[in-house]
Each structure stands twice: as structure tokens, then as C-alpha cells.
Amino acid sequence: MSSADDPQRLAVLVHEVRSPVAALAAIAETFGDEDLEGRVRFELSRLAIAACLGIQRVVIDAAIASVRFEPVDVGTLVHEAVATASLAGASIDSEVTPHIPRIAADSVRLRQALDNLVTNALRHAGLDGDVFVSARSSEALVLLSVSDAGAGVPIADQERIFEAGVRLDADEPGSGLGLAIARAIAEAHGGTLTLRSVPGEGATFTIALPVSQPATLASTRYC
Ligand SMILES: Nc1ncnc2c1ncn2[C@@H]1O[C@H](COP(=O)(O)OP(=O)(O)O)[C@@H](O)[C@H]1O
Ligand SMILES: [Mg+2]
């Protein structure tokens, strides 16, 4: 997993996050002044939003900056993600169809994307609700889906929930970054992350990844 350039990447990440975090700290301190004019408060909140967007951007870029391709069996990824969630007490099931071709992918990043979807599904499945994870393939695509039978997503919000920082229920825990990161990871693999949801009947998030050409797969190095 580790490589010689990881410390450098981490140093860059720390450097890029430090400045917006320092800005947020200064803004928070200034906000404590009760005599602040409304106009100044407005300007401060604008600056705080800009700092947050900066942090979100850095976090998402970091999630895809180090994609390392290797031959990956997505069925194993699904089994591992489901086993881990089950061990933590989740009610979760899976189906992996036979003969899914291995693809050139980053198993760690893909697992990260899958885990983000599973975490969301478990949170939204509702009391006693099951989560179902599947892997299957067609001629051109390998598909990973995570479904729950919870409240689903209102039609008007179905695209915007993929934007960084968007959360539909502010009382729920979370950063609003999980779907943005999962989509960025899918796209870094030349794939997509999409949602199908009938409000009131649950949600299915699907990562679609291109089937790798045999030549690509053969030349892909294990790390
Ligand atoms: N399975 C799901 N069912 C219903 N709503 C969902 C589901 N997954 C995500 N969402 C909505 O999308 C929003 C963004 O998700 P995400 O980017 O993972 O951020 P977070 O989980 O930190 O809130 C969530 O806050 C929630 O409103
Ligand atoms: Mg999430």
C-alpha cells in the first residue's frame, strides 16, 4: 500500500488544509464579538463558506489523487465490505453473480466508495431495514449496487446529493462528502455512480465500471 511519495502527498494535504482551517478559526473567533454589524457577519459567513469549500475540494482531490490500478475481483470487495458491516451488527446481505471479469482498478479506493454507500444505506434503511449489496457484469460493464428500502431520495434532490457538502437532513451526522467522494472514485476509474430511487420505496446506488480490455489487464501491475 505505501509508496515513497506518500509522506510528500500527506505534507501537501496538510499544507493545503492548514490555510482554510486557520481562516475558519479566525472567523469563529471574530464571530464571538456580540457587537458585530450584520454586514460584517454576512461577509464572515461568506468567507467561512469559501474556506469550507476549499477543505472539501482538498479532501475529494486526495481521495482520487492516488488511484493505483491492479487486477481486482469486485466480488471479493463486496464480500469483504458486507462481512465487515455484518461484524459490526448490520443487517446486510449480498449477491455476487458468477464469472465477473477482473478489472483494472484500485481495490482500496473502490472499497472506500462501496463503504460510503453501505454506510449511507444502513443509516437510511430504517428500523429493521435490510441493506443489499450486489455485483454483476454485462459485456461492457461491471456493476456494484447498494440498495435499501428506506425513505429514498426526493426527485428534486437526486442529483444535488452528489455535490460536496449537500445533506438533506442537517440533524443527521455526516459531512456531506461521502457521495461526492464515491462518485469521484468511480469517475477516476472511467466509470459512473448513479442513483435510482422512488421516494418512499428506497434507493439503489450503482457504481458502473468499464470492463478492462485483456491487454490493459495483463499490463496492469500489482502493487
Ligand atoms: N441511501 C440513502 N437514502 C436516502 N438518502 C440518502 C441515502 N444516501 C445518501 N442520502 C442523502 O444524501 C446526503 C449526502 O450523502 P453523503 O454525501 O454520503 O453525506 P453524509 O452521509 O455525510 O450526509 C445524505 O445526507 C442524505 O440526505
Ligand atoms: Mg455518507
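Residues numbered from 1 in each chain as written. Chains lettered and ligands numbered in written order. Predicted model: local features only at pLDDT ≥ 70, side-chain atom pairs only at ≥ 80, totals over all residues.

Describing the sheet that holds strand S2 (residues 92-96)
- Pairing within the open sheet is mixed, and its five strands lie in the order S2-S4-S5-S7-S6. Edge positions in the open sheet fall to S2 and strand S6 (192-197), since each of these has one partner strand only. Across the sheet, the mean angle separating the axes of adjacent strands is 15° when strand polarity is ignored.
- Of the pairings in the sheet, the one linking strand S4 (residues 131-137) to strand S5 (residues 141-148) comprises seven bridges and is antiparallel in character. (Pairing = 2+ DSSP bridges. Helix = DSSP H or I, 4+ residues; strand = E, 2+ residues; numbered from the N terminus. Axes fitted to C-alpha atoms, helices over the stretch in contact; angles between N-to-C directions.)

Describing the site of ligand 1
- Taken together, 22 residues form the shell around ligand 1, and within it Asn120, His124, Leu168, Gly174 and Gly178 come nearest.
- Per-element accounting of the shell around ligand 1 gives the leading share, four residues, to helix H4 (residues 107-124).
- Of the residues belonging to the shell around ligand 1, the class tally is nine nonpolar, nine polar and four charged. (Near = placed C-beta within 6 Å. Nonpolar A, V, L, I, M, F, W, Y, C, P; charged D, E, K, R; others polar.)

Digging into the pairing of S4
- Direction of pairing for S2 relative to S4: parallel, over a ladder of five bridges. Pairing of Ile92 across the sheet is with Val131, part of S4.
- What sits between the antiparallel neighbours S4 and S5 is a turn of three residues.

Quick notes on the domain arrangement of the protein
- Partitioning the protein into structural domains gives domain 1 (6-65) and domain 2 (70-219).
- Computed over C-alpha atoms only, the centres of domain 1 and domain 2 are separated by 29 Å.
- With six residues of domain 1 at the interface, the matching set in domain 2 holds nine residues.
- Taken together, the residues that form the side of domain 1 that touches domain 2 break down as five nonpolar, one polar and no charged. (Domains from an automatic or database assignment. Contact = placed C-beta atoms within 7 Å.)

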